[in-house]
Amino acid sequence: PASSMEELVSLCKRRGFIFQGSEIYGGLQGFYDYGPLGVELKNNIKAAWWRSNVYERDDMEGLDSSIIMHRLVLRHSGHEATFSDPMVDNKKNNKRYRLDHLVKDQKADVIAKVAAEMGEDASNFPALVAALNKQAARASEALKTAGVRDPFSGEVGDWTEPKPFNMMFKTTIGPIADEESYGYLRPETAQGIFTNFKNVVDSTSRRLPFGIAQIGKAFRNEITPRNFIFRVRELEQMEIEFFCVPGTDEQWHEHWLERRLSWWEAQGVPRSKIEILDVPKEDLAHYSKRTYDLMYDYPTLGHEEIEGIANRSDYDLGSHTKSQAELGLVAKVEENLDSIAKLTIPHPETNKPVVPFVIEPSAGVDRAMLAVLSEAFTKETLENGNERIVLKLRPHLAPIKVAVIPLARNKPELVELARSIKNDLQKLGLGRILLEDSGNIGKAYRRHDEVGTPFCVTVDFDTIGQSAEGADQSLKDTVTIRDRDTLQQERIQISELSAWIQAKLR
Ligand code: ATP
């Protein structure tokens, strides 16, 4: 695995996985662009998730809902009122920070002083943050007295009281900008699933229990985006809302926890690197009955959330439904006089309309990519003493499956044969096959080690029966295959290549 974030950032830029957004104009903080290899890896991660959660199950449907949503959706979901993080300003330089990030970044003795000022225990960080949040005036004093430094200037700051900062991006819809013509960029894909619950039930005749899966972009105006693609303002999520009969929710919660852990394992992210955090009651989001956060051990950052698996009870459908009063909801919801749909489904035993409970496994694609890259990153010392960097990605995730390399690029016969081999392999539908005719075989191998290409196929003079003297005609029509991990080279007949590759990459 990678030993630091810098190592990954440098590989990602050098080889074309990830670039800073709007870079040629100085960059835009919290936005990243996925390059030629990044887009392949990202697509492969999403495809693996979709296969596991839609195709390999019999109780799931897919969805792709729109990014910009009606303001009433985000009002009734609770996001307008509560999707906010506390922030504080430094009056000395007008820099603004997320309160918990600011405190977490201080030296241990400063954190201890803040905790003492607030009458809290420094070892219970969530409780300390909650206290700072609740007692704004006291918090401002505590930050000043403890000498909390500004991470930007390094100097002791003059801190304001913490204020909630709503993280939703708002945008104008249509040609007239009046009071009501605005919408929000969704802060999670989940709301599109809830607002389509009835459409999906009516068009598929699903009965409980069943789920809806969606992969898509979400937007959060994070106060302090940071740590490369770990915390960004434009992110992508892979979310499932699994609808079940109230009373069976806890069982399904355990089912999804187990299933998601084994999926991560299959992507090369082992259980031993993921801590399961049973989120304490006082830290639960407004909709949650219970949440498991999967905390992956990121290089440099340590354990941070890669996926949240929440029991959302009947909160969401209950918030978006009409006729709330007659439905016997368990969750505490705000009154909804705007919705025109009743979001119920027949109970599988009694046939009486019921608002189902929801289990939500929600994973970030960007954070998945960071974890997968980090686990695959390997530095090896070879027998000859040279060092190599190799990305030991699972083959189904590798951005390039096979590189076909003509030994000399100025020899048309070699290049043409390599091209035709490439075209044949491409037809297998395994993903990207690359014709690598840059000329230098050593460099090509090094590059493909670093981007995780499982196999390099080399077309040389023996392949066309033309090696210098006394050409060995028995090698005609054979190519060498080099294995990324073992570095073993094997010669096989071109006619057997497709079957060989297919067997290895299945
Ligand atoms: P955090 O506490 O780290 O801000 P969160 O608890 O707000 O995360 P959720 O609302 O549970 O996150 O979102 C579900 C998933 O979406 C997270 O597990 C994470 O993988 C991803 N995610 C959330 N916010 C971001 C972000 N700003 N950048 C990248 N991924 C994110």
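The following paragraphs examine the structure supplied in this document. (Residues numbered from 1 in each chain as written. Predicted model: local features only at pLDDT ≥ 70, side-chain atom pairs only at ≥ 80, totals over all residues. Heavy atoms only, no water.)

Regarding the sheet that holds strand β7 (residues 163-166)
Strands in a sheet are paired, the pairing made by backbone hydrogen bonds, and the direction either parallel or antiparallel.
1) Next: One open sheet accounts for three strands, arranged β6-β5-β7; its pairing is antiparallel. Looking at which strands have only one partner, the edges of the open sheet turn out to be β6 (95-98) and β7. Here the average twist between neighbouring strands, direction ignored, is 50°.
2) Next: Sheet topology places strand β5 (residues 84-90) next to β7; four bridges connect them, and they run antiparallel. Along β7, the bridge assignment pairs proline 86 with proline 164. (Pairing = 2+ DSSP bridges. Helix = DSSP H or I, 4+ residues; strand = E, 2+ residues; numbered from the N terminus. Axes fitted to C-alpha atoms, helices over the stretch in contact; angles between N-to-C directions.)

Quick notes on a nonpolar patch on the surface
1) Next: The grouping of Ile67, Ile68 and Ile173 at the surface amounts to a nonpolar patch, some 230 Å² of accessible area in total.
2) Next: If you trace the backbone, isoleucine 67 turns up in the loop between β3 (60-63) and β4 (68-70). (Patch = residues over 30% accessible without salt bridge, like charges linked within 9 Å, V, L, I, M, F, W, Y side chains within 5 Å. Areas by Shrake-Rupley, 256 points an atom, 1.4 Å probe, with all protein chains shown as cover. Salt bridge = Lys/Arg side-chain N within 4 Å of Asp/Glu carboxyl O.)

A closer look at the site of the ligand
1) Next: Of all residues adjacent to the ligand, which total 15 residues, the nearest are Glu222, Arg231, Val232, Glu305 and Ile306.
2) Next: Here glutamate 222 contributes a side-chain N or O atom positioned 2.8 Å from a nitrogen atom of the ligand.
3) Next: One of the backbone nitrogen or oxygen atoms of isoleucine 306 is found 2.9 Å away from an oxygen atom of the ligand.
4) Next: Protein contacts shield 83% of the accessible area of the ligand, which totals 590 Å² for the unbound molecule.
5) Next: Every element with two or more residues in the shell around the ligand is listed here: β11 (234-244), β14 (302-313) and β17 (357-364).
6) Next: By residue number, the principal contributor to the shell around the ligand is β14, which donates four residues.
7) Next: Taken together, the residues of the shell around the ligand break down into five nonpolar, four polar and six charged. (Near = heavy atom within 4 Å. Polar contact = N/O pair within 3.5 Å; in protein donor to acceptor, adjacent residues only side chain to side chain. Nonpolar A, V, L, I, M, F, W, Y, C, P; charged D, E, K, R; others polar.)

Here we look at the sheet that holds strand β24 (residues 489-493)
1) Next: Taken in spatial order, the five strands make up an open sheet running β21-β20-β22-β23-β24, and their pairing is mixed. Two strands bound the open sheet, and with one partner strand each, they are β21 (433-435) and β24. When strand polarity is set aside, the average angle formed by the axes of neighbouring strands in this sheet is 25°.
2) Next: Relative to β21, strand β20 (residues 402-406) runs parallel, the two sharing three bridges. What sits directly across from valine 404, in β21, is leucine 435.
3) Next: Sheet strands in contact with helix α14 (residues 412-426) are β20, β21, β22 (455-459) and β23 (478-483), and its direction is about 165° off that of β20.
4) Next: Sitting on the sheet, helix α16 (residues 494-505) is in contact with β20, β22, β23 and β24, with an inclination near 125° to β24. (Contact = heavy atoms within 4.5 Å.)

With respect to the nonpolar core
1) Next: Residues Phe17, Ile45, Met238 and Trp264 are the most contacted members of the largest nonpolar core, which totals 57 residues.
2) Next: Tallying contributions element by element places helix α13 (residues 365-376) first for this core, with eight residues.
3) Next: If we ignore the near neighbours within four places in the chain, the residues touching isoleucine 45 are Met238, Trp263, Ala368, Met369, Val372 and Leu397. (Core = buried A, V, L, I, M, F, W, Y, C linked by side-chain atoms within 4.5 Å. Buried < 20%, exposed > 50% of the residue type's maximum accessible area, 1.4 Å probe, protein only.)

Describing the side chain of serine 65
1) Next: Residue placement: serine 65 occurs in the loop between β3 and β4.
2) Next: When residues no more than four places from it in sequence are discounted, the contact partners of serine 65 are Arg186, Gly192, Asn196 and Gln214.

What about the packing of helix α1 (residues 5-15) against helix α15 (residues 441-451)?
1) Next: Two numbers describe how α1 lies on α15: the axes approach to 11 Å, and their chain directions differ by 125°. When the axes of α1 and α15 are compared, the pair comes out oblique. For the pair α1 and α15, the sense of crossing is left-handed. The segment α1 lies against α15, with Leu11, Arg14 and Arg15 engaging Arg446, Arg447, Glu450 and Val451.
2) Next: Class assignment of the residues belonging to the contact of α1 with α15 gives a composition of two nonpolar, no polar and five charged. (Parallel < 35°, antiparallel > 145°, perpendicular 65-115°, else oblique. Left-handed = near helix turned anticlockwise from the far one by under 90°.)

With respect to α13
1) Next: The terminal C-alpha atoms of α13 lie 16 Å apart, and with twelve residues this matches the ideal 16 Å at 1.5 Å per residue to within 8%.
2) Next: Of all twelve residues making up α13, twelve are buried, and the element is well covered by its neighbours.
3) Next: Within α13, the full set of buried residues consists of Val365, Asp366, Arg367, Ala368, Met369, Leu370, Ala371, Val372, Leu373, Ser374, Glu375 and Ala376. (Expected span 1.5 Å × (residues − 1).)

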